[in-house]
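Below, each chain spelled out in residue letters.
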Amino acid sequence: MKMLKDACDNALKDFHHEAELLTNLQHEHIVKFYGVCVVGDPLIMVFEYMKKGDLNKFLSLALGGQMHQATEIKRHREGNKTRAKQPRRTQYT
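Remember, predicted model here, so these are calculated numbers, not experimental data. (Residues numbered from 1 in each chain as written. Predicted model: local features only at pLDDT ≥ 70, side-chain atom pairs only at ≥ 80, totals over all residues. Heavy atoms only, no water.)

*Asks:* Provide a residue-level description of the packing of aromatic side chains, including the pertinent values.
*Replies:* Counting across every chain of the model gives one aromatic pair. Ring plane angle 55° and centroid distance 5.5 Å describe the contact between F33 and F47, whose orientation is recorded as tilted. Taken together, the positions of F33 in strand β2 (residues 33–37) and F47 in strand β3 (residues 43–47) put the pair 14 residues apart, joining distant regions of the chain. The same class applies to F33 as to F47, namely buried. (Phe/Tyr/Trp six-rings, centres within 6.5 Å; stacked < 30°, edge-to-face > 60°. Helix = DSSP H or I, 4+ residues; strand = E, 2+ residues; numbered from the N terminus. Buried < 20%, exposed > 50% of the residue type's maximum accessible area, 1.4 Å probe, protein only.)

*Asks:* Account for the nonpolar core, with residues named and values stated.
*Replies:* Grouped together as the largest cluster of nonpolar side chains are eight residues: L4, F15, A19, L22, F33, L43, M45 and F47. Within the residue set of this core, elements represented by two or more residues are α1 (9–24) and β3. In contact with L22, other than residues within four places in its own chain, are F33, M45 and F47. (Core = buried A, V, L, I, M, F, W, Y, C linked by side-chain atoms within 4.5 Å. Contact = heavy atoms within 4.5 Å.)

*Asks:* Got a sec to walk through a nonpolar patch on the surface? Specific residues and values, please.
*Replies:* Taken together, the side chains of M1, M3, Y34 and V46 make up a nonpolar region of the molecular surface, amounting to roughly 460 Å² of accessible area. Positionally, M3 belongs in strand β1 (residues 2–4). We classify M3 as partly exposed; its relative accessible area is 47%. (Patch = residues over 30% accessible without salt bridge, like charges linked within 9 Å, V, L, I, M, F, W, Y side chains within 5 Å. Areas by Shrake-Rupley, 256 points an atom, 1.4 Å probe, with all protein chains shown as cover. Salt bridge = Lys/Arg side-chain N within 4 Å of Asp/Glu carboxyl O.)

*Asks:* Give me α1: which residues, what numbers.
*Replies:* The terminal C-alpha atoms of α1 lie 24 Å apart, and with 16 residues this matches the ideal 22 Å at 1.5 Å per residue to within 8%. Buried within α1 we find F15, A19 and L22. Buried residues of α1 fall within an arc of 70° about the axis and therefore sit on the same side. Residues of α1 that are exposed and angled more than 90 degrees away from the buried face: D9, N10, K13, D14, E20, L21 and N24. Against β1, β2 and β3 lie the buried residues of α1. (Expected span 1.5 Å × (residues − 1). Arc of directions from axis to C-beta.)

*Asks:* Run through the pairing of β2, naming residues and quoting values.
*Replies:* Summarising the sheet, β2 and β3 pair through four bridges and their orientation is antiparallel. Along β3, the bridge assignment pairs V36 with M45. The turn linking β2 back onto β3 is made up of five residues, and G40 within it adopts a positive phi angle of 90°. (Pairing = 2+ DSSP bridges.)

*Asks:* Which residues make up unusual backbone geometry, and what values do they have?
*Replies:* With an omega dihedral of 5°, the bond running from D41 to P42 counts as a cis peptide bond. Summarising the element assignment, P42 is placed in the loop between β2 and β3.

Structure follows, in structure tokens:
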């Protein structure tokens, strides 16, 4: 299930658009979309049950360590670039 609570107009528009797209999307490798409830709060989309969780959860668990390493390498490189651009301060006495 996907829920949308207390949404602004843009979020509501996106939610309805996504539901409309999913209604026409059918493929054996894509989770099945069963329906949507757009009356009341929260708005709800109902999908087929995925015993291993959603793709986002799977990827974060499977690639979590690798993504963390990549993020740390990127931060380190960006940190080095930032430090390299800073002028050296020389103190004269």
